[in-house]
Amino acid sequence: MKIQKNSNIPKTPTGIHGLDEITGGGLPKGRPTLICGSAGCGKTLFAVQFLVKGITECNEPGVFMSFEETARDLTENVNSLGFDLKKLIADKQLKIDHIRIEKSEIEETGEYDLEGLFIRLNYAIDSIGAKRVVLDTIESVFGGMDNTILLRSEIRRLFQWLKDKGVTAIITGERGESSLTRQGLEEYVSDCVILLDFRVIDQIATRRLRIVKYRGSMHGTNEYPFLIDEKGVSVLPITSLKLEHKTSGEMISYGFPALDKLFKGNGYYRGNSCLITGTAGTSKTILASYFALSSCKRKESTLYFSFEESPEQLLRNMLSVGIDLKPFLKSKLLQIHSSRPSMQGLEMHLLIIQRLIKEYDPKTVIIDPISSLVTIGSSSEVRAMLLRLIDVLKINQINALFTALTHDAKNEHNDLTVDAVSSLADTWIKVRNEEINGERVRSLFIVKSRGMGHTNALYNLSINEKGIGLTPPMNKPSREKQEGLL
Amino acid sequence: MKKKPTPAFITGGKIILQLYVSGMTPRSMQAIENIKRLCDEHLKDAFELEIIDLYKNPEMASEQQIVFSPSLIKSLPLPKRTLIGTFSDTDKVIKGLGIMFKE
């Protein structure tokens, strides 16, 4: 689903990667937004990032009214995310006001209002010309107070006041048992309500976000996974975009002439995605490395995700078959990103992949193997996730190569990865390992190749220190009369 | 009207009070009136009352941790206490301020 940008409501970008995409540009400008969720789901971080990015990216100063943490605690807590609040405060771009309400020191003796808070807020906003305001967590004013009816009407007045003031505000609220927030704040914030959720599935923690309401604007209605890491908060929109990416007629090489020749076009279309499947030890990684090598030789930046081998190990192993990737790694043309699949959840991996793609702007991306990502997600999510990933690659016209490890060579379609990726990939190459006459024989064949003719023959694949060789089967002379060895 | 006993404090010394109001609203006026009467009646000379309008001194709100208005802060003798509202409930205010009477 693509969200229309031409909405009537002016929006304020949040600076939270992915959220602006889902909301079609950000939060409603000049209006309060409620972010609710249970304890520890990331509300405060969301709010801090909204302010910090507002300052650094939109030049909009911000006020943080903290009802829970002191300015010092807050500064220390977000320091690990690379947010230097101290500097922003010194630059008069940010103001943190810690509001301490100690019920044990307060006695209610008749009617009162929240004017003190209004004055503080107003003073803070005016002193730095703030455009953004965060109230974290406003419900704390209810803590232990007797006159909740009075407080409710004051909170309602506060939201209206924020609107009149024209600031874009985030109000956080703790999740209640039967309502979104304990005090039912969602009744008062009518413009935009975002719900954050934190749950553990199969021992892997996932954070999710849902836009409950966004008045006057289109928005994604799904639950979107989001991530908090050393770069802050980012949201992964899993709903796929429209199929409207550009296509290229340019042919490029697999890095391996004998393989190129199996295709009519002598290579493959730029921006296509290719899947190589096979059981263990069928030289999938070698084929992937050829792919990386050819991309580097074209002087195109290449991003290699290795989920089984460390960069060092990969380099050494590939050198043993005559593929030297080291110079390219040194010249930074090649980036190898290794991590254990079980380190994080699937969303986290995909977010990291997306972020690195954004950071390096590669022309070629290799995921070796994509199947190890699949094992850590639940089957229903995997397809949508992979679809989203492939979409991202397509939109950016990135040559993609995925390898997938299959366990049952005869019945590959039962395999989740193959099932999910094969329909999305433009080219599917299978490699096999068979025992014939007391010898292990590797073979390679092409299952499909969109928009391009290809050989139907089963080629023998041999590996030596010079690399891979492809030979047409001896008993069946190849109709295409193609070159065998490199 | 019942005659109130003479006030005396456990800690001795004066009661230092600051009353923070937000403008001269009817509520503020009522609070000022109530607290002045209460002090005159019960504390005689044993108090110092300062009335601060937050609109004129907005920076004070943050400095003194004022959220509610009107707010009366008893800074001395310790412990520090905050009373909010219009102080219409005299007994509650006296109790809240921790004033002890001799008899």
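The structure under discussion appears in the preceding block.
One structure accompanies this document, and this report is about it. Quantities reported herein were computed from a predicted structural model and do not represent experimental measurements.

### A word on the overall build of chain B
- Helix and strand counts for chain B stand at three helices and four strands.
- Residues counted as buried form 50% of the 103 residues belonging to chain B.
- Excluding contacts between residues fewer than 6 apart, the proportion of contacts in chain B whose partners are at least 24 apart in sequence is 68%.
- Counting only carbon and sulfur atoms, one obtains 54% of the accessible surface of chain B, whose full area is about 5500 Å².

### With respect to helix α8 (residues 284-297) of chain A
All names here are of chain A.
- With 14 residues, α8 should cover 20 Å at 1.5 Å per step; its first-to-last C-alpha distance of 20 Å lies within 8% of that length.
- Counting buried positions along α8 gives 13 out of 14 residues, so the element sits mostly inside the fold.
- Looking one or two places after α8, you find lysine 299, whose phi comes out positive at around 65 degrees.

### Thoughts on empty space enclosed by the protein
- Throughout the structure, instances matching the rule amount to three cavities of 30 Å³ or more.
- Of the volumes computed, that of the largest cavity is approximately 170 Å³.
- Forming the boundary of the largest cavity are 15 residues, of which Arg100(A), Ile106(A), Gln64(B), Gln65(B) and Thr82(B) lie nearest the centre.
- When residues of the lining of the largest cavity are traced back to their parent elements, those giving at least two are β3 (71-76) and β4 (81-84) of chain B.
- Residues belonging to the lining of the largest cavity are distributed by class as follows: seven nonpolar, four polar and four charged.

### What about the pattern of salt bridges?
Residues and elements named next belong to chain A.
- Under the definition given, this model contains 23 salt bridges over all chains.
- Across the salt bridge formed by arginine 120 and aspartate 97, the nearest N and O atoms sit 3.0 Å from each other. Taken together, the residues span a long stretch of sequence, with arginine 120 in helix α5 (residues 115-128) and aspartate 97 in strand β5 (residues 94-98) at a distance of 23 residues.
- What makes arginine 120 buried here is its relative accessible area of 1%.
- Judged by relative accessible area, aspartate 97 falls into the buried class, the value being 8%.
- Note that glutamate 434 is salt-bridged to arginine 432, the shortest N-O span being 3.6 Å.
- One network of salt bridges, in which partners are shared, links Glu250, Arg270, Arg298 and Glu300.

### A word on the state of the cysteines
- With the rule as written, the count across this model stands at zero disulfides over all chains.
- For the unlinked cysteine Cys36(A), the closest cysteine sulfur is that of Cys41(A), found at 8.4 Å.

### So, unusual backbone geometry
- Residues Asp136(A) and Thr137(A) are joined by a peptide bond in cis, for which omega reads -15 degrees.
- The topology assignment puts Thr137(A) in the loop between β7 (132-136) and α6 (148-165).
- The residue after Ser69(B), namely Pro70(B), is reached through a cis peptide bond having omega 0 degrees.
- Even without glycine at this site, Lys332(A) takes up a positive phi of about 65 degrees.
- Residue class for Lys332(A) comes out exposed when judged on its relative accessible area of 63%.

What counts as what
- Residues numbered from 1 in each chain as written.
- Chains lettered and ligands numbered in written order.
- Predicted model: local features only at pLDDT ≥ 70, side-chain atom pairs only at ≥ 80, totals over all residues.
- Heavy atoms only, no water.
- Helix = DSSP H or I, 4+ residues; strand = E, 2+ residues; numbered from the N terminus.
- Buried < 20%, exposed > 50% of the residue type's maximum accessible area, 1.4 Å probe, protein only.
- Contact = heavy atoms within 4.5 Å.
- Areas by Shrake-Rupley, 256 points an atom, 1.4 Å probe, with all protein chains shown as cover.
- Expected span 1.5 Å × (residues − 1).
- 1 Å grid on protein atoms, 1.4 Å probe; cavity = no way out; pocket = protein on both sides within 12 Å on 5 of 7 lines; lining within 4 Å.
- Points joined across faces, edges and corners; volume = space filled by probe spheres on them.
- Nonpolar A, V, L, I, M, F, W, Y, C, P; charged D, E, K, R; others polar.
- Salt bridge = Lys/Arg side-chain N within 4 Å of Asp/Glu carboxyl O.
- Disulfide = S-S within 2.5 Å.

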